[in-house]
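Commentary on secondary and tertiary structure
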Amino acid sequence: MSEKIIEVQNITKQFGTFEAVKNVSFTVYKGDVFGFLGPNGAGKSTTLRCILSLIKPNNGKVFIFGKTLAESRREVLSKIGCIIEKPDFYKYLSAEKNLEIFSRISGTYSDKNSIYKMLDFVGLNGREKDKVAGYSHGMKQRLGIAQALLHNPDLIILDEPTTGLDPQGIIDIRNLILQLKSEHNKTILLSSHQLSEIEIIANRMVIINKGKSIIEGNVDQLLNSEDLIVNLEIDNVELSAQIIAQSFKNVQVLSVNSNQLQLAINKSEVPELTKKLVDSQVRIFAIESKRKLEDYFIKIVNN
Amino acid sequence: MNFLFRLLIIFIIPLSVFSQVAEVTIENLNARMDRIRDYSADALIKSDIPLIKILPVRATIYFKQKNKFRIKSKGIAILPKQGFLDLSELLSGKENYTALFSGFDVIGNYRSEIITILPAGDTTDLILAKLWIDPTGYLVRKSQITTRTNGTITIDYTYNNQNKFGLPDSMIFTVDVKKFKIPKGVATDINKISSEEEKKPTSKTGKIFIQLTNYQINKGLSDEVFQK
Amino acid sequence: MLLKSTYNEFIKIAAKPRSYLGLAAITILVGVILFALKVDGLSFISFVTASFEQTLSFEGNILNGNLVAFIVLQMLIIHIPLLVALVTGDLVSGEAAMGTIRMLASKPISRTQLLLSKFIAGGTYTLLIIIWLGIMSVLFGKLLFGSGDLMVLNSDGLVILPQSDINWRYLCGFAVAFLALLTVSSLSICLSCFTENSIGPIVTTMAIIILFTIIGTLDVRIFDKIRPFLFTTHMASWRSFFEEPVPMKDIYRSIFILIGHNILLLAISLNKFNNKDITS
C-alpha cells in the first residue's frame, strides 16, 4: 500500500442544530486522483473545508502527509494547492498581481517568470495584465488552478472544478487534471456531483450523501461490479416472480409492476434467468441493465 | 447779593486757581514731550491676564510726533487697546480738554500732583483721565483712563535712564477684564465638559508689564515704519 | 511571512479606489478651509477674540500657518475616523465577501499572522492619512499664511504659544491623534472579523463613535464613571499639547487608555478570527 496523503477519520461538523458532516472517513493515497462524489448539499465542501482547517470539525481528525494542520500548519499547507467552492480573486487586480499575492503568501514568490509560465500553462497567456473583474467563469477557473499549482504542491484539492464551464472548458480542465497526474505525479482530491466525471478522471472514490460517507473504493471495481440492477419488461409478472423465488436464491426482486420486474442480480446469472423465463412461456419484451453503483448514486441524487 | 457774590468767589476762584496749576503742569509736560520728535525702544512684554496665557514677548516700539505709534513683534503680542496715544493726542490741543488740579498723592516715593482731564464735548470714547505727575521732573508717575467701551485702564510708570525725555523704563497696565469671555461652542475640547459653558475670568483686572530698553531718541524714523 | 503578508495588504489597499477617497477628501476639505480662511479668516478670528479686543489689541500675524493648521485639525479630526473606517472596516469582511479569505486561509500562513498583517496595513494606512492631513494643514497652511505664534482658544482661555515652541507640539499631537485613529482602525478591523459584508463594520464603527461621543459630551452623572474609559473621550487628546502648561498626566492617561483599547481589540479580533469558521 502506498503512502497515505490524506486520512480523514470520523469527522463531524455541526452548524447549530444542523449536522452537515457525520462521521465521514476516507483515505487518499499518494498518486491518487481521488473522487469525492456526492449530490449538491451532501457535505462535500464542508468536508474539504474541514480538511483544510477553514472550518473546525466538532469531532474527528484529519491527517495530511501524516500530520495534523494544528501541529504543522505551514509545512502541510505549503504542500497543498486548492480551490474550494469556486476560485475567488481580487477583482480590482490583474491576474498577474493576484497570483503574485498568493505566491508571496505561499512563500514561493521569486519573480514574475514563474507566474507567466503558470498562466501560460493554464492557457491564460496574453491576459495576465487584465483585471480579473473582466474574466469569464472559465478563465477564473483556470486562474484558480494556476494559483493552486503555483507553488508546485504535492497535493491538489479541487472542489467541483468543472462546475459552470462550457463543454470545451470541462474537457480542458479534465485534461489538465489528467496531465497533472500523469506528467507531474500529483495527488489530487477532486469533488464532484457527477459520477461520469469521476469515472473519467478518478482512480479511487468515496460517495458522500447527507453528510455521511456511503462507499469508498477503487473506481473501476465499484463501477464495473458484476452486481447489476436489471429491469425486465414481461407479460407475466407473477409467474416470473415465482420462478425467480424458486430457482434463483441469489436474485433479489426489488420492485414489481404490472409488466415490469426490477431485480438485483449477478451478471453471471442473467443468461440462465432469461432462458428459464422463456422456457416457462414468459414473453420478454425488453431487458435493461444498470450497474448497481450508478443506480444507487442516481437514487441518492434524485432523493 | 453780597452773599451770592462771596459764594461765587469761594467756588470760582479756587476752580480757576486749580485749573491754572493743572494747565501749567500739563504745559510743562507737553513741552518736554515736544522735545521728542521720535523714538524707538526694545520692549519686553509680560502679561498676567485672566483667560489668556502668553509667554513674555519681545517687541520694538516706535513713536513719531505727532501721533504715529507702532509696535512690531515677531510673534503675537498683547497690548492694551488704550493708553499709548490717547493722552498725548488729547493733550496736544488745549481746546480738547479741561485740566483740573485734584490734589496730591504719593506714588512710589514721589509726591505727585493729581490732574484730572475732562475731554471737551461728549463725543469721545474717553470719559475721564487722571494723571499723577511728579512736579520735580514733570514725569507722569501714574495715569488712569476711563472710557465708555473698555472701562478703566491704569498705567504705572517707572523711570530711570530717560528721565529728561520723560520716557519710562517700565509701564504696568492694569486693564478691566470683566467683559472677557470664551465664546460658547468654539473651544471644542470634548475632554472638558465645562467648555460648553461660557467661561468668565476669575479676577476683574489683568496686568501687562512692559519693560523698555535701548531707547533711540530723535534719530529720525521714516514714516514707512508706521505703515502696516 | 508576516512581512510578506503585510506587503500583500499594502498592494491591495493601494489598488482599491476607496483608499484614495480619504486622501482626496482631506485634500478637498483642507483646500476649502484654507481658501475660506484666506478670504475671510480675520473675521473668523475676531469672532473668537471679540470680547478681548474691546480692551486689548493683538499685535503680530495671528492668522498664520500654525493657527490655520490648528483650525483645520480641529475641524477635520472628528471626520477622519469615517475615512479610516472606510478602508480598515473592509480589510477582513471585504475578503469574506469576495471569497478571497478562503483562498488566503488555505495558504501556509497562520491566521494570526494574516490578521496581524491586516492590522499593520490598517495602521499604516491610518498613519498615511494622518501624515497627509499634517502635510495639507501644517505645510500648506504655512506656505499660504506664513508662520508665527499660535493663538489657541482652549476651554480655559486663550493660550498664545511662541512659534519656536509649536513644532514639537504638532508632532506629539499628531502622534496622539494617530493613536486615537489607530483605535478606530482596530475597532473597525475587529468588527470586520465578525461579519462577511463590507458596509456593516464601517457603519457600526461610525455608530459606536457617535454613540460614545454623545455619552462623552452629555453632562449626565450616570455616564461619569464610564466616560473616562471611552476611547472617544481621548480622541481629542492631541489638543492637550496646545495647552500651557501641557497636562502630561492627562495625556499619559489618554495614551494608556488608547493603547489598552488597541490591545483589547486586537485580542478580541485574534480570538474571533482564529476560531472563525470560514464558510464564505
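Presented here is an overview of the structure given in this document.

About the thresholds
- Residues numbered from 1 in each chain as written.
- Chains lettered and ligands numbered in written order.
- Predicted model: local features only at pLDDT ≥ 70, side-chain atom pairs only at ≥ 80, totals over all residues.
- Contact = placed C-beta atoms within 7 Å.
- Helix = DSSP H or I, 4+ residues; strand = E, 2+ residues; numbered from the N terminus.
- Pairing = 2+ DSSP bridges.
- Axes fitted to C-alpha atoms, helices over the stretch in contact; angles between N-to-C directions.

Thoughts on the arrangement of the chains
- Counting contacts across all 2 pairs of chains that touch, the top-ranked interface belongs to chains B and C.
- The two units chain A and chain B never meet; even their closest C-alpha atoms stay 40 Å apart.

Quick notes on the interface of chain C and chain A
- Between chain C and chain A, the contact holds 24 residues from the first and 24 residues from the second.
- Of all the secondary-structure elements, those providing two or more residues to the side of chain C that touches chain A are α1 (2-15) and α6 (100-105) of chain C.
- Of the residues forming the side of chain C that touches chain A, the biggest block, 7 residues, is contributed by α1 of chain C.

Focus on unusual backbone geometry
- For the bond running from Glu244 of chain C to Pro245 of chain C, omega is -5°, close enough to zero to count as cis.
- Checked against the element boundaries, Pro245 of chain C lands in the loop between α9 (199-217) and α10 (248-275).
- One non-glycine residue, Asn23 of chain A, lies in the positive phi region at around 50°.
- Structurally, Asn23 of chain A is set in strand β2 (residues 18-29).

Concerning the pairing of strand β10 (residues 227-234) of chain A
Residues and elements named next belong to chain A.
- Relative to strand β12 (residues 260-266), β10 runs antiparallel, the two being bridged by 7 bridges. By the bridge assignment for β12, Glu233 is matched with Gln260.
- Strand direction decides the pairing type here: β10 and strand β13 (residues 284-291), joined by 7 bridges, are antiparallel. When the sheet's bridge partners are listed, Leu232 is paired in β13 with Ile287.

As for the sheet that holds strand β3 (residues 33-37) of chain A
Residues and elements named next belong to chain A.
- The strand order across the open sheet formed by 6 strands is β5-β6-β7-β3-β8-β9, and the pairing between neighbours is mixed. Taken across any chain shown, the strands that pair with only one partner, and hence form the sheet edges, are β5 (80-83) and β9 (212-218). In this sheet, neighbouring strand axes are inclined to one another by 15° on average, regardless of whether the strands run parallel or antiparallel.
- Alignment of strand β6 (residues 155-159) against strand β7 (residues 187-192), held across 5 bridges, turns out to be parallel. From the neighbouring strand, Asp159 faces β7, where its bridge partner is Ser191.

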